[in-house]
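Remarks on the overall topology
Residues per chain are reported as follows:
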Amino acid sequence: MTLKETAKPTDADERSLLDRMTAVLGPDRTRDVLQKTPAQDYTPMPLPAPWNGMSVWDVGPSRFADIILRPSQLIALRPPRPYRIALYRCGRNFGKNFMSSMTLNYLAQEAWGAIQAGKLSPGDATFLVVGRATDDTLDAMVKGKSGIVENSAPWLPAEYLPGSRRIIWGDGAVTAIVRTAQEPLGARGLNIGPIAWIDEIASWPHWAETFGAIDLAVRTGPAPRLLATTTPSTRAPWLRDLIGAPGTIDIHRPSADNASNMPAGWLEDQYRRRTRFEIAEELEAMLLDGIGGDYFQPADAAIIDRAPDDIIATCRAWDLAASTPSPGNRDPDFTAGIRMGKTAGGRYVVLDAILVRQRAGDVERLMLATAEEDGPQCTIRLNQDPGQAGKSQVEDLVRKLAGYVTVSQRETGDKATRAQPFAAMWQHHNVDVLRGAWNAAYLDQLQSFPSKFSHDDAVDASVAAFSVLAPAGGRSMFDVPSWGELQEGDGGVAGIVGSWSTREQREANFLIATTAARHSPWGRR
C-alpha cells in the first residue's frame, strides 16, 4: 500500500494523512511505506542532491504539507474550487500558524521550481505576510516555532532579513514582504503574488483601510489570492461580509481538531474554566451575535469595602444545579447562591455570591452550611422547578432547613423579562457589591446577560433575591408596617411601638417576616 492508496478522509475525519496511515497500518508498516516513498513525490520542485535520493521517511514526514497537514488545513493548497480568499476562522491552538507556514513554504518551492523552468519571473514570486503587530508578526508568523523560517524545507531554506523586513527563500528568487496591521497603508503600491498571509485579522484596529490596501496589492500571477487566519471576535462584525464575499472559502474549525497535539488536559481545563461566551468564541470559533451587556454593566454598581450599617433585611436565593464538568458536558450550569441585603434607605447590596459546580449531595450540604453561616435572620429563597419532582425537592429542602425562614416560588415568563426590575435598579446605580474574591465571576455572568453563550445562574439567583426584598407591585414582607397594620394583621405582633433603632427595626422585621412567611404563598409548607 502506498500513501496515495490510503483511505480518503471523511468530513468527520480531521486527521493528517500520516495519522490516518498509522491508524490503518500501524507504526511499523507506516514506516515501511514511508521508506519506500520518494521525497520527490511530495515536493513541488526538483530536489537537489542529496535530497533527490531520499525517501519521505529519511527527510521526515513533517517536512511535507500533504502528509502532515489535516484535511481542513490543506484547503488553501488543495481547494475544492478556485478562490480569492481562504478564510480560516478557527479556535485557539487549531494550528493556524503552522498550517500557514507550511502552505507558504510549499508555494515558495512551487514558485522556485517554476522560476528554474523559465515559467515564472522572480518579480512574480513576491509574497506578503501581515500580522496584528510587530511582535506577533515576527514571533508567531516569521521566526517562531510554528513560523515560516522554522518550518521551511532544508532544500529551500527561508531566512528573515530584518533590515529590509523580508523573507527570502534560497538565493532570493522568491521573497515575502513583512508588514503589520499597525501600518494601514503598508501594502500600498506593492505588487504581490501569488499569495498574502494575513493573520488574526479580527483584532486589526483599522480593518477597512488595511485590508483595502492589501487586497489591491495582491494582483500578480495567474491566480493571486489571500490566506486569512483568525479567531473570530464580536468586535469584528465585518467578518460576516468577508465570509459572504464572492470568491471566499470559509473554513470554520474548532480547537478540538488539534487536540492530539495539545498538552494533556489543556483543552478540558479551558472548557472547565471559560465562560460559555469564551468557549463559543475562543474554542469553537463561532461568530456571535448579541453577547449581552445591555442589562448589567459593572460600572453601574459600586464596589464597597464594608456592608452598610442600615441593612434591614437579607435574603439568600439559590439557583440549583447538580452536575460537574465531564467529557459529555464540559460546561455545565452553576449552583448559584446570592445573598442580598436591603438598606433602610432603599438601596440593595450584593453581600456574597456562591458559584459552584457540585453534585446534588454536595450542593445540599453546602446550602445547610451556608444557612448556618448566614444566620436565621437571612431569608432563604428557593426556586421550584415545574412538576412533582420540583415540588418534592423544595419540600425536602424546607424540612431540612427547619428553623430558617424559607420561601419558594415557581418561575414564570422569560429570564430577560424577570430580570428587568433588578436591572433597572442596577442601571440607576442603586445596587452596591461588597468587595470579595467572588466579584469577578459574579460580575462576568451579569455583564454577559442575556446571551445563550454565557451562564446566567448568578443572574437568576440575584433576581430571585431581589424579588423577595422588593416584590413587584407591593411591599416587601420586610418593610416595617404601620401601627394600624399591626393591629389588623394576622401576625399578632402588636407590642412593637415607639421610635426604633436600626437594630430594633431589624429584629422587629425578622419577627414580622417569620409570621408573614407562614401566610405567604411562598411560605406555605
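This section reports on the structure supplied with the text.

About the criteria used
- Residues numbered from 1 in each chain as written.
- Predicted model: local features only at pLDDT ≥ 70, side-chain atom pairs only at ≥ 80, totals over all residues.
- Heavy atoms only, no water.
- Helix = DSSP H or I, 4+ residues; strand = E, 2+ residues; numbered from the N terminus.
- Buried < 20%, exposed > 50% of the residue type's maximum accessible area, 1.4 Å probe, protein only.
- Contact = heavy atoms within 4.5 Å.
- Areas by Shrake-Rupley, 256 points an atom, 1.4 Å probe, with all protein chains shown as cover.
- Arc of directions from axis to C-beta.
- Polar contact = N/O pair within 3.5 Å; in protein donor to acceptor, adjacent residues only side chain to side chain.
- Axes fitted to C-alpha atoms, helices over the stretch in contact; angles between N-to-C directions.
- Parallel < 35°, antiparallel > 145°, perpendicular 65-115°, else oblique.
- Left-handed = near helix turned anticlockwise from the far one by under 90°.
- Nonpolar A, V, L, I, M, F, W, Y, C, P; charged D, E, K, R; others polar.
- Salt bridge = Lys/Arg side-chain N within 4 Å of Asp/Glu carboxyl O.
- 1 Å grid on protein atoms, 1.4 Å probe; cavity = no way out; pocket = protein on both sides within 12 Å on 5 of 7 lines; lining within 4 Å.
- Points joined across faces, edges and corners; volume = space filled by probe spheres on them.
- Pairing = 2+ DSSP bridges.
- Phe/Tyr/Trp six-rings, centres within 6.5 Å; stacked < 30°, edge-to-face > 60°.

Examining the overall build of the protein chain
For the protein chain, the count of helices and strands is 17 helices and 15 strands. Evaluated residue by residue, the protein chain yields a buried proportion of 50% over its 525 residues. Taking as baseline every contact in the protein chain between residues at least 6 positions apart, the subset at least 24 positions apart corresponds to 71%. For the protein chain, the accessible surface area stands at approximately 24200 Å², while carbon and sulfur atoms represent 50% of it.

Observations regarding helix 1 (residues 17-25)
Three or four residues apart is the spacing at which side chains of an α-helix point the same way, because the helix has 3.6 residues per turn. Taken together, the buried positions of helix 1 are Leu17, Leu18, Arg20, Met21 and Leu25. Around the axis of helix 1, the buried residues are gathered within 160° of arc, so they sit on the same side. The inward-facing, buried residues of helix 1 contact helix 2 (27-36) and helix 4 (65-68). Once helix 1 finishes, glycine 26 follows within two positions and takes phi at roughly 90°, a positive value.

What to know about the side chain of asparagine 439
Inspection of the secondary structure assignment puts asparagine 439 in helix 14 (residues 439-448). Within the local environment of asparagine 439, its side chain forms a polar contact with the backbone nitrogen of glycine 436, the two atoms lying 3.0 Å apart. If near-sequence neighbours (up to four positions away) are discounted, asparagine 439 is found in contact with Ile303, Val433 and Leu434.

Notes on the packing of helix 1 against helix 2
It is at 7 Å that the axes of helix 1 and helix 2 come closest, and there the two elements cross at 125°. Judged by the angle between their axes, helix 1 and helix 2 are oblique. For the crossing formed where helix 1 meets helix 2, the hand is right-handed. Here Leu18, Met21, Thr22 and Leu25 of helix 1 come into contact with helix 2, specifically with Pro27, Arg29, Thr30, Val33 and Leu34. A per-class count over the contact of helix 1 with helix 2 returns 6 nonpolar, 2 polar and 1 charged.

Remarks on the pattern of salt bridges
Counted under the stated rule, the structure contains 25 salt bridges. A salt bridge links arginine 84 to aspartate 215, with the shortest nitrogen-to-oxygen separation between them at 2.8 Å. Taken together, the residues span a long stretch of sequence, with arginine 84 in the loop between helix 4 and strand 1 (85-90) and aspartate 215 in helix 7 (residues 207-217) at a distance of 131 residues. The exposure class assigned to arginine 84 is partly exposed, which follows from its relative accessible area of 23%. Across the pair aspartate 257 and arginine 253 runs a salt bridge whose closest N-O atoms are separated by 2.6 Å. Beyond isolated ion pairs, a larger network of salt bridges with shared partners links Arg316, Arg339, Asp352 and Asp374.

Some thoughts on empty space enclosed by the protein
For the coordinates displayed, the defined rule picks out 2 cavities of 30 Å³ or more. Taken as a whole, the largest cavity encloses approximately 80 Å³ of empty space. Forming the boundary of the largest cavity are 14 residues, of which Arg63, Phe64, Ala65, Met102 and Gln109 lie nearest the centre. With 4 residues, the top contributor of residues to the lining of the largest cavity is helix 5 (residues 96-116). Looking at the lining of the largest cavity residue by residue, the class counts come to 8 nonpolar, 5 polar and 1 charged. In this model, the second largest cavity occupies a volume close to 30 Å³. Around the second largest cavity, the lining residues are Trp318, Asp319, Arg381, Asn383, Glu411, Asp460, Ala461 and Ala464. Only strand 10 (311-319), strand 13 (378-383) and helix 15 (457-469) provide two or more residues apiece to the lining of the second largest cavity. Among the elements that make up the lining of the second largest cavity, the one with the highest residue count is helix 15 (3 residues). Among the residues forming the lining of the second largest cavity, the class breakdown is 3 nonpolar, 1 polar and 4 charged.

A closer look at the sheet that holds strand 9 (residues 302-304)
If you trace the 7 strands from one edge of the open sheet to the other, you get 9-15-12-11-10-13-14, paired in mixed fashion. In this open sheet, the two strands that pair with only one neighbour each are strand 9 and strand 14 (406-409). Across this sheet, the average inter-strand angle for adjacent strands is 30°, counted without regard to direction. One ladder, built from 8 bridges, connects strand 11 (residues 335-343) with strand 12 (residues 348-356); its direction is antiparallel. Within strand 12, the residue paired with isoleucine 338 across the bridge is alanine 353. Each of strand 11, strand 12 and strand 15 (431-434) touches helix 13 (residues 415-427); the most contacted strand, strand 15, lies at about 85° to it.

Focus on unusual backbone geometry
For the peptide bond that leads from alanine 49 to proline 50, omega is 0°, which places it in the cis range. Take proline 50: it is sitting in the loop between helix 2 and helix 3 (56-59). Phi is positive for histidine 429, close to 65°, though the residue is something other than glycine. Along the polypeptide, histidine 429 turns up in the loop between helix 13 and strand 15.

Examining the layout of surface pockets
Of the volumes computed, that of the largest pocket is approximately 1000 Å³. Along the walls of the largest pocket sit 43 residues, with Phe94, Gly95, Phe98, Ser146 and Asn258 positioned nearest its centre. Contributions of two or more residues to the lining of the largest pocket are made by helix 1, helix 5, helix 6 (134-142) and helix 10 (276-283). When its residues are assigned to classes, the lining of the largest pocket shows 10 nonpolar, 16 polar and 17 charged.

Quick look at the environment of tyrosine 442
Along the polypeptide, tyrosine 442 turns up in helix 14. Between the C-alpha atoms of tyrosine 442 and isoleucine 338, which are 104 residues apart in sequence, the distance is 9.4 Å. Those residues in contact with tyrosine 442 that sit more than four places away from it in its chain are Ile338, Val350, Ala353, Leu355, Phe422, Trp426, Ala458 and Ser462.

Some thoughts on the packing of aromatic side chains
Under the defined criterion, the tally for this structure stands at 15 aromatic pairs. Look at tyrosine 295 and phenylalanine 449: their rings are 5.2 Å apart centre to centre, the planes differ by 90°, and that puts the pair in the edge-to-face class. Taken together, the residues tyrosine 295 in the loop between helix 10 and strand 9 and phenylalanine 449 in the loop between helix 14 and helix 15 connect sequence positions 154 residues apart. The buried category is assigned to tyrosine 295, whose relative accessible area is 16%. Taking relative accessible area as the criterion, phenylalanine 449 reaches 3% and is therefore assigned buried. Their ring planes at 40° and their centres at 5.5 Å tell us that phenylalanine 296 and phenylalanine 422 sit as a pair that is tilted. Highlighted residues: phenylalanine 296 in the loop between helix 10 and strand 9 and phenylalanine 422 in helix 13, separated in sequence by 126 residues. Taking relative accessible area as the criterion, phenylalanine 296 reaches 1% and is therefore assigned buried. Judged by its relative accessible area of 1%, phenylalanine 422 falls in the buried class.

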